[in-house]
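# A structural walkthrough
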Amino acid sequence: MTIYASNTRKKNLGNSLEAKMAFIERYPLFSCLSPEEKMQLANQMEHREKIRYGFVYETGESSEVLYLLAEGAIKIGATSSHDGKEVIKALIHPLAMFGELGLVGEVRRQEFAQAMKEEVVLFAVKVEDFRRLMRQNFELCNRVMLYLGARLSLAEQKMESLIFKDARTRIVDFIKDSVSDRGQRVGYEMLLRHSLTHQDIANITCTSRQTVTLVLNELRKSDLIYFNRGKILVRDLARLM
């Protein structure tokens, strides 16, 4: 049974100490905390909700808060000041942290965080409170550093992909990575449920919407994938290339 059982009860449940503790217990990053530290964190967390397409924060805002995602999906991105083009840097799914660069010295947001096609439920924690908890618990500090390192590594891989791979390869790699990370096995096939438009995929892979459409249609004609709104079914992950 999910904590957020219905829209009418969601807000009260999210604000309750019981709901916060249940969320912390499910969150892998916090398995190293003692019961007292978990209670400390729960008391510092603030339940928040954002409507679909609502901004959690925008570029230029203060970086004094980090977020823990409970439900929904968030895109982290930037918009060019020259032509308004959007680039999606990362997609955040439940039980992940975002907006954490304040922990390593960011003062103002260099990117935005926006809900995607559904309402999101999240918890906000002040950076100073989280730093205090990290100073108390070395293992938490170590896990956060590893998390930040992994995010940096993914950013470097994306940069290398832009330099060395063509548009089609970047789109195919995105599908393969997404299916490997979050797909569900259906017999010999893999099903990915998502909330992305073709434009979103283009913004992630630094291609165009037209190119994304062409590549997806080509893969479907080759019987490598099947897709419709909100779903991509990969027939054979090993053959997808």
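Refer to the structure presented above.
### A word on the sheet that holds strand S10 (residues 189-193)
Read across the open sheet, the 4 strands follow the order S9-S10-S12-S11; overall the sheet is antiparallel. In this open sheet, the two strands that pair with only one neighbour each are strand S9 (184-186) and strand S11 (225-228). Mean inter-strand twist for the sheet, computed between neighbouring axes without regard to direction, equals 20°. Summarising the sheet, S11 and strand S12 (residues 231-234) pair through 4 bridges and their orientation is antiparallel. Bridge assignment links Ile225 to a residue of S12, and that residue is Val234. Of the strands in this sheet, S9, S10 and S12 are in contact with helix H6 (residues 167-182), which crosses S10 at around 90°.

### Re the environment of Arg151
Mapped onto the fold, Arg151 is located in helix H5 (residues 138-164). Once the C-alpha coordinates of Arg151 and Ala90 are considered, the two residues, 61 residues apart in sequence, prove to be 9.1 Å apart. In this structure, Arg151 is in contact with Ile92, Met97 and Glu100, ignoring residues within four places of it in sequence.

### Observations concerning the pattern of salt bridges
By the definition in use, this model includes 13 salt bridges. A salt bridge links Glu111 to Lys89; the shortest N-O distance between them is 3.4 Å. Taken together, the residues Glu111 in the loop between strand S6 (97-98) and strand S7 (112-115) and Lys89 in strand S5 (residues 86-92) connect sequence positions 22 residues apart. The class of Lys89 is partly exposed, set by a relative accessible area of 43%.

### A short note on the sheet that holds strand S4 (residues 74-79)
Pairing is antiparallel in the open sheet, where 4 strands are placed in the order S2-S7-S4-S5. The open sheet terminates on both sides in strands that have one partner only, identified here as strand S2 (55-57) and S5. Each strand of the sheet is rotated relative to its neighbour by a mean of 30°, with strand direction disregarded. Pairing of S4 with S5, which is carried by 6 bridges, proceeds in the antiparallel orientation. Its bridge partner lying in S5, Ile76 is registered against Ala90.

### A few points about the packing of aromatic side chains
What characterises a pair of aromatic rings is the spacing of the ring centres plus the angle enclosed by the ring planes. Inspection of every chain in the model, using the stated rule, returns 8 aromatic pairs. Ring centres 5.7 Å apart and planes at 80° place the aromatic pair Phe55 and Phe112 in the edge-to-face group. Separated by 57 residues along the polypeptide, Phe55 in strand S2 and Phe112 in strand S7 bring together distant segments of the chain. For Phe55, a relative accessible area of 34% translates into the label partly exposed. Here the aromatic residues Phe23, Tyr27, Phe30, Phe123 and Phe130 are joined through ring pairs into a cluster of three or more. Note that Arg109 overlies the ring of Tyr57, its terminal NZ or CZ placed 4.0 Å from the centroid. Directly above the aromatic system of Phe227 lies the positively charged group of Arg220, at a separation of 4.1 Å from the ring centroid.

### Focus: the pairing of S11
Across the two faces of S11 the burial differs, with Ile225 and Phe227 buried and Tyr226 and Asn228 not buried at all. If you look at the hairpin formed by S11 and S12, you'll find 2 residues sitting between the two strands, and Gly230 has a positive phi there, around 85°.

### Remarks on the state of the cysteines
Tallying each qualifying case throughout the model produces 0 disulfides. No disulfide involves Cys32; its nearest neighbouring cysteine sulfur is the one of Cys141, lying 10 Å away.

The rules behind each value
- Residues numbered from 1 in each chain as written.
- Predicted model: local features only at pLDDT ≥ 70, side-chain atom pairs only at ≥ 80, totals over all residues.
- Heavy atoms only, no water.
- Pairing = 2+ DSSP bridges.
- Helix = DSSP H or I, 4+ residues; strand = E, 2+ residues; numbered from the N terminus.
- Axes fitted to C-alpha atoms, helices over the stretch in contact; angles between N-to-C directions.
- Contact = heavy atoms within 4.5 Å.
- Salt bridge = Lys/Arg side-chain N within 4 Å of Asp/Glu carboxyl O.
- Buried < 20%, exposed > 50% of the residue type's maximum accessible area, 1.4 Å probe, protein only.
- Phe/Tyr/Trp six-rings, centres within 6.5 Å; stacked < 30°, edge-to-face > 60°.
- Lys NZ or Arg CZ within 6 Å of the ring centre and 35° of its normal.
- Disulfide = S-S within 2.5 Å.

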